[in-house]
Amino acid sequence: MDRKIIHSGQIPPSGGQTRVYIGPMTNAPGCSIPPLAGRLKPKNITLLSFNARGLTNNMVELDQCTKEYGIDIVLVQETLLKPNSPKSCTLAGYVQLRTDRTDAPLGGTAVYYKRSLQCCPIDLPTLSNIEATGCRLAMTGHRTLVIVSIYLSPSKKLLRSDIEALLALGDAVILFGDFNCKHTNWGCAVSNPGGNKLAKLSRKLKFDIVAPLTPTHYPDDLVSRPSTIDIAITKEIALNVDCIEPIYRLVSDHRPVLLRLGPPAGGWPKPMIKITDWKRVSTALEEVDTPALNNIPDVIETTDEIDSSIGALTNHIRTVVKKCSREVPASVDRRKLPADALELLRAKNAALRLAYAYPLERIGPEHVLSNVVRSVKTSLDPLDDLPPVSLDEVQELVKGLKARKAPGLDGINNKAIKCFPLTLLSLLVTIFNACLKNSYFLPSGRKPRPNHSCPQQALRLVEYITEGFKTKKRTVAVFFDVAKAFDRVWHAGLIHKLYLLKVPDRLTLIIHNFLSDRHFVFRHENTHSSRRTIKAGVPQGSALSPLLYSVYTNDIPRSSSGVQLALFADDTALYLRGQTERNICPHLQKAIEELARWFQTWRIESRLKGMLGRNSKLSLRNKRTLYLMCIRTVLTYASPVFAHAAPKRLKKLQVLQNKFCRTATNAHWCVKNSVLHRDLDLPSIHKYMKDASERFFATAESHPNPLLSTAVAYEAPPPPIISSVGHGISSPTRLTISQPKSKGSEN
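All of these numbers come straight from a predicted model, not from anything done at the bench.

Engineer: Could you clarify how one ought to interpret the sheet that holds strand E9 (residues 145-152) in this entry?
Structural biologist: Hydrogen bonds between backbone groups are what pair the strands of a sheet, and the pairing can be parallel or antiparallel. The 6 strands lie next to each other as E7-E8-E9-E10-E12-E11, forming an open sheet whose pairing is mixed. Every other strand in the sheet has two partners, leaving strand E7 (119-121) and strand E11 (208-210) as the edge strands with one partner each. When strand polarity is set aside, the average angle formed by the axes of neighbouring strands in this sheet is 25°. Here 3 bridges tie E11 to strand E12 (residues 230-235), and the two strands are oriented antiparallel to one another. By the bridge assignment for E12, Val210 is matched with Ala232.

Right, dumping it as structure tokens:
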């Protein structure tokens, strides 16, 4: 859209700054979702850093400079702009990002990037002394770049914490601007404390300092000497610096610095793939007289011997597979997804993984079951005798492994396990039996239960509803979605339920070992958090986790009043059939209350929130996509045929779309429906159906089937004197073109 909308938001008060974004509107009023980026992912990038000492007087020449030098991204310092003029100093064809200083005069930073670039704003951490504005740029043949405009006031010190926070924004970072740091390493006559500290940090934090060969700052007084303080800091940048030089344009005591980056001279290295000769692997594994396997004891009894045996076997398999593998250039003829689609998929998967914080609430003493784990661990004596694992069982399991599955953390492929001779399979049997004897847990593989899926429960519900149709009965259903189901399993409660189910003691201890002493680390791009203990939940991706969750929910209450219960993993449904809703609802409500009490007792949180609701965490773009793909297609299915219905009937469809617009954007009641439709780029139902009908009948007129072409050319007789309410008789195509507009929307 051509219209420009301003999104602004305050960052923490300690910064005394206001962030402003000016660009094309992609969200409803009041939304703070980042704008949609362009599609261009360049191989080369041209940056311009400029300390303006007042941006307003330089805009005309800055516009000419960007066109003359082909600037992709402009980084400006000391803009001297204030939040009360958010639309000032815009560049045609560029998106403006600003961080204005509010607690003191002067200062301020800005970034301008071309609208065509696949670039977007980023949220910066709270900084003590540095003022910054940043963006994230997708490149072709290179990882995503984080580019930040930097301004450090001469009166403030350079802090290591600020540099570390900025370098942690991504895997590849460019910090470009006025650092006010002088050092002889980058051409200054003398070094100041900031320059000395920056030089030391470059060695400790392993980043590069890129500076032009000539001075960039010419003070107004005649006493001070010119210096180079407009520099760039790069980390993990695999691009060549084609040039970095000041240009003698614009009006300021600082010269603008031009930085051009491009791919290496020889181009990017060719992608390689690894090919393994599995016949050689099978032959090599038959040789058991190797140093690694000779270290495995004949009798495995203790947990230390189990660990050493597993380590020796793993190293042996890795060595054999590595010797039988070779790297070859990847074929360029294989058809694959475009790079931008792959990056979007990676971003989506990363967002899904990081969408929810891990539940770390402390297990309170309000339940008498809180001491079950402690009692099981200290007093449970595993006296039961489990039958040992046999060689036939292991052979059957290995035979059922899927060769195309991805390897686990040890890197061993299922194909390698299928190549095991009888000697190695016998070794596996010995290790498994030692684990059972010591109640020692081994990491499990990723293998779902066969012939168990959600569609089977859905089929059961559909059959139940269909049977009700035959007897003219209605079915009412309530669906529960357990929030973070696998992450909410209470360990003490699970062990208690295993004990009540009389699971063998050794297996209970193995499961307790499986759940205990687990940790997690949060990783954001190149930064890792400290290690934290996992206090609830079962590991996702393990074949044992769905079974443990089923055990945990096995005692879910079943109503005695005929209410049906359907369960699959974290999906729960209650439904009942009856003659009228008045007869069904009391029984269903009683079952819901009973189920809610059970959820509360066992610390399970259920949710009935919609994906498109006001509190949904989906982005506005994804909400709009879901509506277009899943809801509007149902509302307007076969619309060319029923478009001649009464206007009051069609108005109900428009009302539904109006409700979606208001709910998805969380807009205030005073915002008009026409504004929401315009900002979401949604046509009204009437216009959409009209366009669809015109396309449909235009195609049908030239259809070779005479029945279709005759139906299009049909002309209705004149309407009777007393017509039906709404309209008389007419053909769908005529009425579709002449339908009135629905209120509350604009075409």
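Engineer: Please explain the pattern of salt bridges as it appears in this structure.
Structural biologist: Charged atoms that come close allow side chains of opposite charge to pair. Summed over all chains, the structure comprises 16 salt bridges. Residue Lys67 pairs with Asp63 through a salt bridge whose shortest N-O separation is 3.5 Å. Placement of both Lys67 and Asp63 in helix H1 (residues 59-69) is noted, with a separation of 4 residues, approximately one turn of the helix. Salt-bridge contacts for Arg678 lead to Asp679; the nearest nitrogen and oxygen are separated by 3.8 Å. A relative accessible area of 43% places Arg678 in the partly exposed class. With relative accessibility at 4%, the residue Asp679 sits in the buried group. Connected through shared salt-bridge partners, Arg53, Asp220 and Asp253 make up one network.

Engineer: How should the nonpolar core be read in this particular structure?
Structural biologist: Soluble globular proteins tend to bury their nonpolar side chains together. Counting 36 residues, the largest nonpolar core has Phe480, Leu494, Leu515, Val538, Leu548, Tyr552 and Leu574 as the members making the most contacts within it. Broken down by secondary-structure element, the contributors of at least two residues to this core are helix H12 (454-470), strand E17 (474-482), helix H13 (491-500), helix H14 (505-515), helix H15 (544-552), strand E22 (564-568), strand E23 (571-578) and helix H16 (581-601). No other element matches H16, which puts 7 residues into this core.

Engineer: Teacher, can you tell me more about the packing of aromatic side chains here?
Structural biologist: Taken as a whole, this structure holds 2 aromatic pairs when the rule is applied. Note on Tyr464 and Tyr575: the rings are 4.9 Å apart at their centroids and 65° apart in plane angle, and the pair reads as edge-to-face. Taken together, the residues Tyr464 in helix H12 and Tyr575 in strand E23 connect sequence positions 111 residues apart. The pair Tyr464 / Tyr575 is uniform in exposure class, with both members buried. Between Tyr627 and Phe660, the aromatic rings sit 4.1 Å apart at their centres with planes inclined by 10°, giving stacked as the arrangement. Highlighted residues: Tyr627 in helix H17 (residues 620-635) and Phe660 in helix H19 (residues 647-665), separated in sequence by 33 residues. Here Arg632 stacks its cationic end above the ring of Tyr688, 3.9 Å away from the centre of that ring.

Engineer: I'm lost on the pairing of strand E4 (residues 73-77) in this one. Help?
Structural biologist: Where a strand is regular, its side chains alternate between the two sheet faces. Taking burial as the measure, the 5 residues of E4 include 5 buried ones, the bulk of the element. The alternating pattern of E4 places Ile73, Leu75 and Gln77 and Val74 and Val76 on opposite faces, both of which are buried. As judged from the 5 bridges shared by strand E3 (residues 45-51) and E4, these two strands associate in the parallel manner. Note on E4: the bridge partner recorded for Ser49 is Leu75. Viewed along the sheet, the connection from E3 through H1 into E4 turns out right-handed. Pairing of E4 with strand E6 (residues 109-114), which is carried by 5 bridges, proceeds in the antiparallel orientation. Residue pairing in the sheet places Val76 in a bridge with Ala110 of E6.

Engineer: Looking at this model, I keep getting lost on helix H6 (residues 303-323). Mind explaining?
Structural biologist: Since the α-helix advances by 3.6 residues per turn, residues separated by three or four positions end up pointing in the same direction. For H6, with 21 residues, the first-to-last C-alpha span of 30 Å sits near the 30 Å given by 1.5 Å per residue. Those residues of H6 lying buried are Ile306, Ser309, Ala312, Leu313, Thr314, His316, Ile317, Val320 and Val321. In this structure, the buried side of H6 is in contact with strand E15 (272-276), helix H4 (278-285), helix H5 (291-294), strand E16 (325-329), helix H10 (414-418) and helix H11 (422-438).

Engineer: What's the story with the pairing of strand E10 (residues 172-178) in this structure? I'm lost.
Structural biologist: Burial analysis of E10 places 7 of its 7 residues in the buried class, which makes it a mostly covered element. Note: E9 against E10, 7 bridges, orientation parallel. Considered in E10, the bridge of Ile150 is made with Gly177. Following the backbone out of E9, through helix H2 (residues 160-167) and into the adjacent parallel E10, one traces a crossover that is right-handed. As judged from the 6 bridges shared by E10 and E12, these two strands associate in the antiparallel manner. Following the sheet pairing, Asp178 is matched in E12 by Asp230.

Rules and cut-offs
Residues numbered from 1 in each chain as written. Predicted model: local features only at pLDDT ≥ 70, side-chain atom pairs only at ≥ 80, totals over all residues. Heavy atoms only, no water. Pairing = 2+ DSSP bridges. Helix = DSSP H or I, 4+ residues; strand = E, 2+ residues; numbered from the N terminus. Axes fitted to C-alpha atoms, helices over the stretch in contact; angles between N-to-C directions. Salt bridge = Lys/Arg side-chain N within 4 Å of Asp/Glu carboxyl O. Buried < 20%, exposed > 50% of the residue type's maximum accessible area, 1.4 Å probe, protein only. Core = buried A, V, L, I, M, F, W, Y, C linked by side-chain atoms within 4.5 Å. Phe/Tyr/Trp six-rings, centres within 6.5 Å; stacked < 30°, edge-to-face > 60°. Lys NZ or Arg CZ within 6 Å of the ring centre and 35° of its normal. Right-handed = clockwise from strand over helix to strand, strands pointing away. Expected span 1.5 Å × (residues − 1). Contact = heavy atoms within 4.5 Å.

Spatial relationships are all this shows, so hold off on functional conclusions.
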